[in-house]
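As a plain string of letters, each chain reads:
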Amino acid sequence: MLIRSRRAGRLWGPLAASCAALIFAASFSAGAAAQTVRPETVASGLEHPWAVAFLPGNRFLVTERPGRMRIVNAQGRLGEPLQGVPRVAAGGQGGLLDLVLDSAFASNRTLYFCFSEPGSGGNSTALARARLAADDTRLEDVRVIFSGKPKVASSMHFGCRIVEARDGTLFLTTGERNSRKEDAQTLDNHHGKVIHIQKDGTPARDNPFLDRAGALPEIWSYGHRNAQGATLSPDGVFWMNEHGPQGGDEINVPQAGRNYGWPVITFGENYGGGRIGEGISERAGMEQPLHQWTPSMAPSGMAFLTSERYGAGWRGNLFVGALKFRYLSRLEIANGKVVREHKLLQDVGRVRDVRQGPDGLLYLLTDEGNGKLVRVVPQ
C-alpha cells in the first residue's frame, strides 16, 4: 500500500520503507517488460515533428513545428511541404502543432490542425479546418474556427491537442502561456482551458458556461497548465495530460465546468525550488488529478490501445510519451485508475506524439531536429 500526503506529496508512516522497496521492484520489473517491443524507424529527417495522422494507402500526414505539413509514403519517403498552411508564430514551443483527420475523412477529406497564431498583441492557440486537395499537394478552404483570446507576447505553453468526440464535437487544450498562469482560474480568457466547440467553431451545445455573464462560451473546464496530450478512452471519454512545473505532471479526465486547480494547487514547485502560491496540493472545489508524476516526465502524446497486437494484456492500456526522460509509458488502468506503470523503449527519443495506427500498432514521433516516425513492433 502506498501512503502519500496530499499536501506534501511525500511518503509517510510506518509502511514507507516497504512501499519504497515495492516501488523499486516494480520499476525493475517494468524495465524488463520493455524488452517485449522494439522501435522500427519508418521515416527520419523530420524537423521537430509534432503530430501524425494516418492516410489511406499506408501513408502518414505529419506536422513539423516550424510550419510545415508533409505526407510520408509507405516506404518512409518525405513529400514536399503542402501548400496552403497558414503562417505560424514559430519559435520556442510555438509553431504548427496538433493534427487530426475528420471522422468522415474518407468522404470529405477534411482535417483539423492547431497552431500558434500570430496577431495583434502577440500570438495565441488557434484551431483551423481545411480540406486536403485531391492531388495531395495543398490544403484548400483553410478556415480558422477558433482563435484564443487574448493574444500575448510569449513563445510558451500553447497546449494544442485536438480530439474529436463521438458526437462530432471537438475538444482543444490550451496552455496558460506561462507568464499568465493566473488566467487559468478566470473564465474571461482562453488560457489554461479545455475548449469544446462544434465543427463550425460555435460553442458546443452542452458547454457549462454558455449563459454565465463574463465567461467565454467555448470553455469546457479550467485550471489547467499546459496540456500536450489528449485522447478518447475506449468508452468515448475525453482524457488529457498536462505538464506540471517542477514535478506534478498530471493525467485528468476533465468534466464540464470543473476547476483543475492550477496554479492554486499543484504537486510541483517552482523551477529551482520554492513553493508555488501557498504550496498546497488540494483545496475544496478543485479537482485532484487521476494520476501525477513527481519528478516530472514531461508528458505529451497519449493513446489508448484497443487492439491485441501486443497481446490481450495490453489492450485497454494507456500509452503516454515522455519528453524529458525519452521513453514510452505504458499505464495499466483498472476501475478508472492508474494501477501500474511500465517504462518502454527507454531513450527512444523525446516522444512527442503517440497514436494507434489502422494496423493496430502504436506509432511515435520524436521531437528533435532530426525527428523520426517510429513504429512500435512486438518482439
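About the criteria used
- Residues numbered from 1 in each chain as written.
- Predicted model: local features only at pLDDT ≥ 70, side-chain atom pairs only at ≥ 80, totals over all residues.
- Heavy atoms only, no water.
- pLDDT = per-residue confidence, 0-100.
- Contact = heavy atoms within 4.5 Å.
- Salt bridge = Lys/Arg side-chain N within 4 Å of Asp/Glu carboxyl O.
- Helix = DSSP H or I, 4+ residues; strand = E, 2+ residues; numbered from the N terminus.
- Buried < 20%, exposed > 50% of the residue type's maximum accessible area, 1.4 Å probe, protein only.
- Disulfide = S-S within 2.5 Å.

Quick notes on the confidence of the model for the protein chain
Low-pLDDT portions of the prediction should not be read for the details of their coordinates. For the protein chain, the mean per-residue pLDDT works out to 92, and 91% of the residues sit at or above 70. Every residue in residues 1-35 is under pLDDT 50, and counting partners more than four places away or in other chains gives 36 contacts.

Regarding the pattern of salt bridges
Overall, the coordinates contain 29 salt bridges when judged by the stated rule. Note that Lys199 is salt-bridged to Asp102, the shortest N-O span being 2.8 Å. Of this pair, Lys199 sits in the loop between strand E11 (193-197) and strand E12 (219-222) while Asp102 sits in the loop between strand E5 (96-101) and helix H2 (105-108); the two residues are 97 residues apart in sequence, bridging distant segments of the chain. For Lys199, a relative accessible area of 19% gives the class buried. Notably, a salt bridge pairs Lys151 with Glu117, separated by 2.9 Å at the nearest N-O pair. Remark: Glu117 occurs in strand E6 (residues 110-119) and Lys151 occurs in the loop between strand E8 (139-147) and strand E9 (162-164); sequence separation between them is 34 residues. Linked by salt bridges that have partners in common, Arg131, Asp135, Arg138, Glu140 and Asp141 make up one network.

Observations concerning the state of the cysteines
Evaluated as defined, the whole model comprises one disulfide. Linked covalently through their sulfurs, Cys114 and Cys160 form a disulfide whose S-S length is 2.1 Å. Separated by 46 residues along the polypeptide, Cys114 in strand E6 and Cys160 in the loop between E8 and E9 bring together distant segments of the chain. Of the residues examined, Cys114 reaches a relative accessible area of 0% and is grouped as buried. Residue classification places Cys160 among the buried positions, given a relative accessible area of 0%.

Section: unusual backbone geometry
Here the bond from Lys149 into Pro150 is cis, since omega is -5°, no more than 30 degrees from zero. Of note, the bond from Thr294 into Pro295 is cis; its omega dihedral lies within 30 degrees of zero at 5°. Locating Pro295 in the fold gives a position in the loop between strand E16 (291-293) and strand E17 (299-304). For Asp136, which is not glycine, the phi dihedral falls at a positive 60°. Secondary-structure assignment places Asp136 in the loop between strand E7 (122-132) and E8. Judged by relative accessible area, Asp136 falls into the buried class, the value being 19%. Even without glycine at this site, His157 takes up a positive phi of about 55°. Relative to the helices and strands, His157 is located in the loop between E8 and E9. Judged by its relative accessible area of 4%, His157 falls in the buried class.

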